[in-house]
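Below are the chains, spelled out letter by letter.
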Amino acid sequence: MSTPTSLEATVKLPSAFAKLPVEVCERIIDSLGHHHIYGDLTYYRTLGSCALTCRALTRSRVNLFRGIELTSRARFYSFAKLLTTSPDVAEYVSSVHVACDDLRLVTNFPIVFAHKLPRLKWLVFYGDWERDQILPAHPAFYLAISTFSSVVKLSLYDMWFRTFQDFVNLICSFPNLSNLDWTALKWKRIGEDPFRHAQYQHKLNLCSLDLDRSDLIAASRMLSAVSASLSHLGLGFSEDVSESVFDQNISLAQFPSLRTLVIWLSLPTKFSGYAWVPALLSKITSPHVSEVVFRYRYDFEVKDIDFDKELVYLDHARIEEVLSRKLFSGLRRVLFVFRRAFVDAYGYDRDKMHEKLGERFSKVRDRGLLDVTFQP
């Protein structure tokens, strides 16, 4: 007979669960937690019921609190109060998403929660750049950010900054940041490049950088400031970038450890084409690249997208020529990622998408590198 686990030895499980190993119960609860992350309120309520049912089902608390979404002022301060009355909850929190209409809550977050979330790994800030709200920041904000030593990943979406330097002050305030991704950041005035000053040099020791819908100047500055330890890079632009302009501004020579490259594209394309894509691939100097990913965004409001026409915007001949070079001999996969909403709307399945892509990227297909996947 196996020795009971400490959980079984100290707390008696409800009769319905007593017939199952604790590990099985935890796997079931973990599956509920997966749905909770994607905002399904039914699973959220189920996790809450499990947490209240029995002290043995601590896994429900882990799943209930590991990802926190603060989407209103009421939720923001309710969670702050919860950490005061039940500080043990903080041990379960590994990610926090701050997404509400009032950007002052983003500014208040590090001040209100400083030293209260010791296991927080991933912090996400959402803005609303269409409402033209600039992130209000002051010295106390950056000082409070510096207390989040456990945060290793920062994600920023649809945010306005007063200047590019305000943005740099934010990311450089995190003492142990290793993963940064942004989508559609904007600045009222980009200003001078702060990375030219000694106090900002060698500040960013990132292993992963993902810039989607970036302007060219900001992308160029970030790439020049990131250390040689970068292993993952994602890049997509908010403007039409010609090959010549791209060549003048972007360099990847300083990333000898790069392993994964993600190229962000749009459905439908908003520009004249993607001439910068083969130019980007040509600039890679790392012999360790094992995966190239083409990740498509999808504009839900646009109807009647001609996917065959969309594929024409990618210069497949030049892309395949670059990927056939000796430098890419270690390439293991060329992956195309689509939103499931797009493929469902147009009646595509994985085999059909693979066939369409294979017709244009035949060399990649014949090498067994072509792959397709769908994501929410």
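Quick note: structure is the one above.
Residues numbered from 1 in each chain as written. Predicted model: local features only at pLDDT ≥ 70, side-chain atom pairs only at ≥ 80, totals over all residues. Heavy atoms only, no water.

Comments concerning the overall build of the chain
The following threshold applies: Strands are runs of DSSP state E lasting at least 2 residues, helices are runs of H or I lasting at least 4, and numbering of each runs from the N terminus. Residue contacts are defined here by distance: any two heavy atoms, one from each residue, within 4.5 Å place the two residues in contact. Method for areas: the Shrake-Rupley scheme with a 1.4 Å probe, in which residue coverage is limited to the protein chains shown.
Within the chain, the regular secondary structure consists of 17 helices and 13 strands. Within the chain, residue pairs in contact and separated by at least 24 positions form 79% of the contacts whose partners lie at least 6 positions apart. Put simply, the chain shows about 18,600 Å² of open surface, and 51% of that area lies on carbon and sulfur atoms.

With respect to the sheet that holds strand 11 (residues 291-298)
The cut-off we apply is this: Here, strands pair whenever DSSP counts at least two bridges between them. All axes are obtained by fitting lines to C-alpha atoms, using only the stretch in contact for helices, and the reported angles, taken between N-to-C directions, cover 0 to 180 degrees.
Taken together, 11 strands build an open sheet; the order of strands is 1-2-3-4-6-8-9-10-11-12-13 and the sheet is parallel. The open sheet is flanked by strand 1 (67-70) and strand 13 (370-375), the only strands paired with a single partner. With direction set aside, neighbouring strand axes in the sheet form an average angle of 15 degrees. By the bridge criterion, four bridges tie strand 9 (residues 232-237) to strand 10 (residues 260-267) in an arrangement that is parallel. Note on strand 10: the bridge partner recorded for Leu233 is Leu261. On the sheet, helix 10 (residues 216-225) packs against strand 6 (179-183), strand 8 (208-214) and strand 9 and is oriented at approximately 170 degrees with respect to strand 8.

Observations regarding the packing of helix 6 (residues 73-85) against helix 7 (residues 104-113)
What counts is decided by this rule: We call two directions roughly parallel when the angle between them is under 35 degrees, roughly antiparallel when it is over 145, roughly perpendicular when it lies between 65 and 115, and oblique otherwise. Gly is put with the polar residues, along with every residue not named as nonpolar or charged; the nonpolar set is Ala, Val, Leu, Ile, Met, Phe, Trp, Tyr, Cys and Pro, and the charged set is Asp, Glu, Lys and Arg.
For the pair helix 6 and helix 7, the least separation of the axes is 12 Å and the interaxial angle reads 5 degrees. By the angle between their axes, helix 6 is roughly parallel relative to helix 7. Of helix 7, the residues touching helix 6 (which contributes Arg73, Phe76, Tyr77, Phe79, Ala80 and Leu83) are Arg104, Leu105, Asn108, Phe109, Val112 and Phe113. Of the residues assigned to the contact of helix 6 with helix 7, the class counts are nine nonpolar, one polar and two charged.

With respect to a negative patch on the surface
For the record, the criterion: Candidate patch residues must exceed 30% relative accessible area and have no salt bridge, after which like charges are joined if within 9 Å and Val, Leu, Ile, Met, Phe, Trp or Tyr side chains if within 5 Å. Definition used for salt bridges: Asp or Glu carboxyl oxygen within 4 Å of a side-chain nitrogen of Lys or Arg. This count recognises Lys and Arg as positive and Asp and Glu as negative, with His and chain-terminal groups excluded. The atoms used to mark charge sites are NZ of Lys, CZ of Arg, CG of Asp and CD of Glu.
Negative charge collects at one region of the surface, where Asp349, Asp351, Glu355 and Glu359 lie side by side. You can see Asp351 is positioned in helix 16 (residues 350-360).

As for the side chain of Thr269
Threshold: Only protein chains enter the area calculation, which uses a 1.4 Å probe; residues under 20% of their type maximum are buried, those over 50% are exposed, and those in between are partly exposed. Any pair of nitrogen or oxygen atoms within 3.5 Å is treated as a polar contact; in protein, a donor-acceptor pairing is required on top of that, and neighbouring residues in sequence qualify only through side-chain atoms on both sides.
Its location among the elements puts Thr269 in the loop between strand 10 and helix 12 (276-282). Its relative accessible area of 13% is what places Thr269 among the buried residues. Here the side chain of Thr269 touches Tyr274 through a polar contact of 3.2 Å, side chain to side chain. Those residues within four positions of Thr269 in sequence are excluded, and the remaining contacts are Tyr274, Glu310 and Tyr313.

Structural notes on helix 10
Of all 10 residues in helix 10, eight are buried, a share of seventy percent or more. Buried within helix 10 we find Leu216, Ala218, Ala219, Ser220, Arg221, Met222, Leu223 and Ala225. For helix 10, the secondary structure elements touched by its buried residues are helix 9 (164-173), strand 6, strand 7 (186-189), strand 8, strand 9 and helix 11 (243-249). The N-capping residue of helix 10, defined by a side-chain oxygen 3.3 Å from the backbone nitrogen of Ile217, is Asp215.

What about the pattern of salt bridges?
On inspection of all chains with the given rule, the structure shows 14 salt bridges. Across the pair Arg325 and Glu321 runs a salt bridge whose closest N-O atoms are separated by 3.1 Å. For Arg350, the salt bridge goes to Asp371, with nearest N and O atoms at 2.5 Å. Of the two residues, Arg350 is situated in helix 16 and Asp371 in strand 13; the sequence distance between them amounts to 21 residues. With relative accessibility at 40%, the residue Arg350 sits in the partly exposed group.

Considering the packing of helix 9 against helix 10
Any two packed helices are characterised by how steeply their axes cross, that is the angle between the axes, and by the distance between the axes. Stated formally: Whether a crossing is left-handed or right-handed is set by the direction in which the near helix is turned from the far one by less than a right angle, anticlockwise for left-handed and clockwise for right-handed.
The geometry of helix 9 relative to helix 10 is characterised by a closest axis approach of 12 Å and an angle of 35 degrees between their N-to-C directions. Here helix 9 runs over helix 10; the crossing is right-handed. Contacts between helix 9 and helix 10 pair Phe164, Phe167 and Ile171 from the former with Ala218, Arg221 and Met222 from the latter. Grouping the constituent residues of the contact of helix 9 with helix 10 by class yields five nonpolar, no polar and one charged.

Structural notes on the packing of aromatic side chains
Rule in force here: Any pair of Phe, Tyr and Trp rings, taking the six-membered ring for Trp, is counted once the centres come within 6.5 Å. Such a pair is stacked with planes under 30 degrees apart, edge-to-face with planes over 60 apart, and tilted for the rest. For a lysine, the NZ atom is tested; for an arginine, the CZ atom; a charge sits over a ring if that atom is within 6 Å of the ring centre and within 35 degrees of the ring normal.
A full pass over the atoms with the stated rule returns 30 aromatic pairs. Between Phe164 and Phe167, the aromatic rings sit 5.6 Å apart at their centres with planes inclined by 45 degrees, giving tilted as the arrangement. With a gap of three residues between them, Phe164 and Phe167 both fall in helix 9, about one helical turn apart. For the pair Phe164 and Phe167, a shared accessibility class is recorded, and that class is buried. Judged by centre distance (6.3 Å) and plane angle (70 degrees), the rings of Phe164 and Phe195 are edge-to-face. Of the two residues, Phe164 sits in helix 9 while Phe195 sits in the loop between strand 7 and strand 8, which places them 31 residues apart along the sequence. A relative accessible area of 0% places Phe164 in the buried class. Assessed through its relative accessible area of 8%, Phe195 is described here as buried. Taken together, the ring pairs in this structure connect Phe76, Tyr77, Phe79, Phe109, Phe113, Phe125 and Phe148 into an aromatic cluster. Taking NZ or CZ as reference, Lys153 lies 4.3 Å from the ring centre of Trp122, over its face. For the cation-ring pair, Lys188 lies above Trp160, with the distance from its terminal atom to the ring centre recorded as 4.5 Å.

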